[in-house]
Amino acid sequence: GPARRGGLRRRLAGAFAMVPRPLRAAATSGIVTAIFFWSFASDDGLSVIAKAFPSTKPVTGVETSAPTVGLIVDAPSSSAVDVANELQRDGASATIALTSATPEETVGAVHAAGSEVMPRLKPGGPVRWIGTRGQLGKTARGLGIHGHFYYVAPGKGFTLAQDLLGHTAGATPVSGAVKLESGHELGKLERGDFVEITVGDGTSWRPWLRSLIDQMRARGLRAVSAADLVRA
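Everything quoted here is computed from the prediction, not taken from an experiment. (Residues numbered from 1 in each chain as written. Predicted model: local features only at pLDDT ≥ 70, side-chain atom pairs only at ≥ 80, totals over all residues. Heavy atoms only, no water.)

So, the overall build of the chain
Argument step 1. Assigned secondary structure in the chain consists of ten helices and eight strands.
Argument step 2. Expressed as a percentage of its 232 residues, the buried residues of the chain come to 42%.
Argument step 3. About 12300 Å² of surface is accessible on the chain, with carbon and sulfur atoms providing 59% of the total. (Helix = DSSP H or I, 4+ residues; strand = E, 2+ residues; numbered from the N terminus. Buried < 20%, exposed > 50% of the residue type's maximum accessible area, 1.4 Å probe, protein only. Areas by Shrake-Rupley, 256 points an atom, 1.4 Å probe, with all protein chains shown as cover.)

Some thoughts on the pairing of strand 3 (residues 116–119)
Argument step 1. Examined bridge by bridge, strand 2 (residues 95–98) and strand 3 share four bridges and lie parallel to one another. Its bridge partner being in strand 3, Ile-96 is matched across the sheet by Val-117.
Argument step 2. Tracing the backbone out of strand 2, into helix 5 (residues 104–112) and back to the parallel element strand 3 gives a crossover that is right-handed. (Pairing = 2+ DSSP bridges. Right-handed = clockwise from strand over helix to strand, strands pointing away.)

Overview of the environment of Pro-173
Argument step 1. Turning to its location among the elements, Pro-173 is positioned in strand 5 (residues 171–174).
Argument step 2. A residue is classified by how much of its surface remains accessible, and Pro-173, at 2% relative accessible area, is buried.
Argument step 3. Remark: the alpha-carbon pair of Pro-173 and Lys-57, spanning 116 residues in sequence, is separated by 7.9 Å.
Argument step 4. Those residues in contact with Pro-173 that lie beyond four places of it in its chain are Pro-58, Val-59, Tyr-151, Ala-153, Phe-158, Asp-163 and His-167. (Contact = heavy atoms within 4.5 Å.)

Details of the layout of surface pockets
Argument step 1. Here the second largest pocket defines a volume of roughly 250 Å³.
Argument step 2. Broken down by secondary-structure element, the contributors of at least two residues to the lining of the second largest pocket are strand 3, strand 4 (149–152) and helix 10 (226–231).
Argument step 3. Here the lining of the second largest pocket is built from residues that sort into eight nonpolar, four polar and two charged. (1 Å grid on protein atoms, 1.4 Å probe; cavity = no way out; pocket = protein on both sides within 12 Å on 5 of 7 lines; lining within 4 Å. Points joined across faces, edges and corners; volume = space filled by probe spheres on them. Nonpolar A, V, L, I, M, F, W, Y, C, P; charged D, E, K, R; others polar.)

Details of helix 9 (residues 206–218)
It helps to recall that an α-helix has 3.6 residues per turn; residues three or four apart then point in one direction.
Argument step 1. A rise of 1.5 Å per residue sets the reference length of helix 9, with its 13 residues, at 18 Å; its end C-alpha atoms lie 18 Å apart and thus fit the reference within 8%.
Argument step 2. Buried within helix 9 we find Arg-206, Trp-208, Leu-209, Leu-212, Ile-213, Gln-215 and Met-216.
Argument step 3. If you follow the buried residues of helix 9, they end up packed against strand 1 (68–74), helix 4 (77–89), strand 6 (178–180), strand 7 (194–198) and strand 8 (222–224). (Expected span 1.5 Å × (residues − 1).)

Quick look at helix 5
Argument step 1. All of the buried residues in helix 5 are Thr-106, Val-107 and Val-110. Along the axis of helix 5, the buried positions cluster into a sector of 95°, meaning they face one direction only. Facing away from the buried side of helix 5 by over 90 degrees, the exposed positions are Glu-104, Glu-105 and Ala-112.
Argument step 2. Buried residues in helix 5 make contact with helix 4, strand 2 and strand 3. (Arc of directions from axis to C-beta.)

Digging into the nonpolar core
Argument step 1. Within the largest apolar cluster, 41 residues are counted, with the highest numbers of intra-cluster contacts made by Leu-71, Val-73, Val-195, Ile-197 and Met-216.
Argument step 2. Those residues in contact with Ile-197 that sit more than four places away from it in its chain are Leu-71, Ile-72, Val-73, Asp-74, Leu-180, Trp-208, Leu-209 and Leu-212.
Argument step 3. Core analysis: the second largest hydrophobic core is formed by nine residues, Ala-97, Met-118, Phe-194 and Val-224 among them. (Core = buried A, V, L, I, M, F, W, Y, C linked by side-chain atoms within 4.5 Å.)

Focus: the confidence of the model for the chain
Argument step 1. Of all residues in the chain, 72% have pLDDT values of 70 or greater, and the mean over the chain is 78.
Argument step 2. Scored below 50 in pLDDT, residues 23–42 makes 23 contacts in the model with residues more than four places away or belonging to other chains.
Argument step 3. Note on residues 49–55: pLDDT under 50 across the span, and six contacts to partners over four residues away in sequence or across chains. (pLDDT = per-residue confidence, 0-100.)

Points about the side chain of Asp-74
Argument step 1. Looking at where Asp-74 falls in the secondary structure, it is placed in strand 1.
Argument step 2. Given the relative accessible area of 8%, Asp-74 is considered buried.
Argument step 3. Side-chain polar atoms of Asp-74 contact the side chain of Arg-120, separated by 3.4 Å. (Polar contact = N/O pair within 3.5 Å; in protein donor to acceptor, adjacent residues only side chain to side chain.)

Thoughts on the packing of helix 4 against helix 9
Argument step 1. Contact pair helix 4 / helix 9: the axes reach a minimum separation of 10 Å and the direction vectors enclose 40°. By the criterion of interaxial angle, the relationship of helix 4 to helix 9 is oblique. Like other packed secondary-structure pairs, helix 4 and helix 9 cross with a definite hand, here right-handed. Note on element contacts: helix 9 touches helix 4 through Arg-206, Leu-209, Arg-210 and Ile-213, opposite Asp-82, Val-83, Glu-86, Leu-87 and Arg-89.
Argument step 2. Looking at the contact of helix 4 with helix 9 residue by residue, the classes come out as four nonpolar, no polar and five charged. (Axes fitted to C-alpha atoms, helices over the stretch in contact; angles between N-to-C directions. Parallel < 35°, antiparallel > 145°, perpendicular 65-115°, else oblique. Left-handed = near helix turned anticlockwise from the far one by under 90°.)

As for the pattern of salt bridges
Argument step 1. Evaluation of the coordinates by the stated rule reveals eight salt bridges.
Argument step 2. A salt bridge links Asp-82 to Arg-206, with the nearest nitrogen and oxygen atoms 3.9 Å apart. Of this pair, Asp-82 sits in helix 4 while Arg-206 sits in helix 9, and the two are 124 residues apart along the sequence.
Argument step 3. For Glu-116, the salt bridge identified is with Arg-231, shortest N-O distance 2.9 Å. In this pair, Glu-116 sits in strand 3 while Arg-231 sits in helix 10, placing the two residues 115 residues apart along the sequence.
Argument step 4. Sharing partners across several salt bridges, the network here consists of Asp-82, Glu-86, Arg-89, Arg-206 and Arg-210. (Salt bridge = Lys/Arg side-chain N within 4 Å of Asp/Glu carboxyl O.)

And the structure:
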């Protein structure tokens, strides 16, 4: 009960008070350092701090009166042009999210099909977040992107350190308000949302992608690139 818990707290406080002051200071410093590192290098830390600083969360949509949603497609570079062409045939467009530099002809073909490209950041992990700025900058330059840009945050493992380092590179993270793996149904969706889908190599994703576009159209919504949605 409360009395029992209170007694336990007093005993622990008394035990800590018996530790020599230099050791107490070192222990306290170590705890603070651990909390600081956890906050920056874990997605749990990001969630906690995001409650106090909402701007640390990736952008998942925009306010708009237009019946549009921002479609983000996580795809290997080998599928990027096929995805863009498939969308163009369906009267839609998207942002193709890529994790590394891509041949100029691939980027050009995506643009020619009416879609765009955007860097996608890999999960941070315990130490990978250190290279966030370099990874984003290199990928953006390889995609022909300069100045301020948006990038797709990883679905899991996105840390506060990555978010802050991304901002120092002039980049803003976005993420799907709706995230779908191949074969999943669309579910709830509102105008202005980012819809993030994942496709792989091969062509098995084609019927599913067409089905998603048809479902959006049946709800009076049109898929556009994330950049077009933000500009609108």
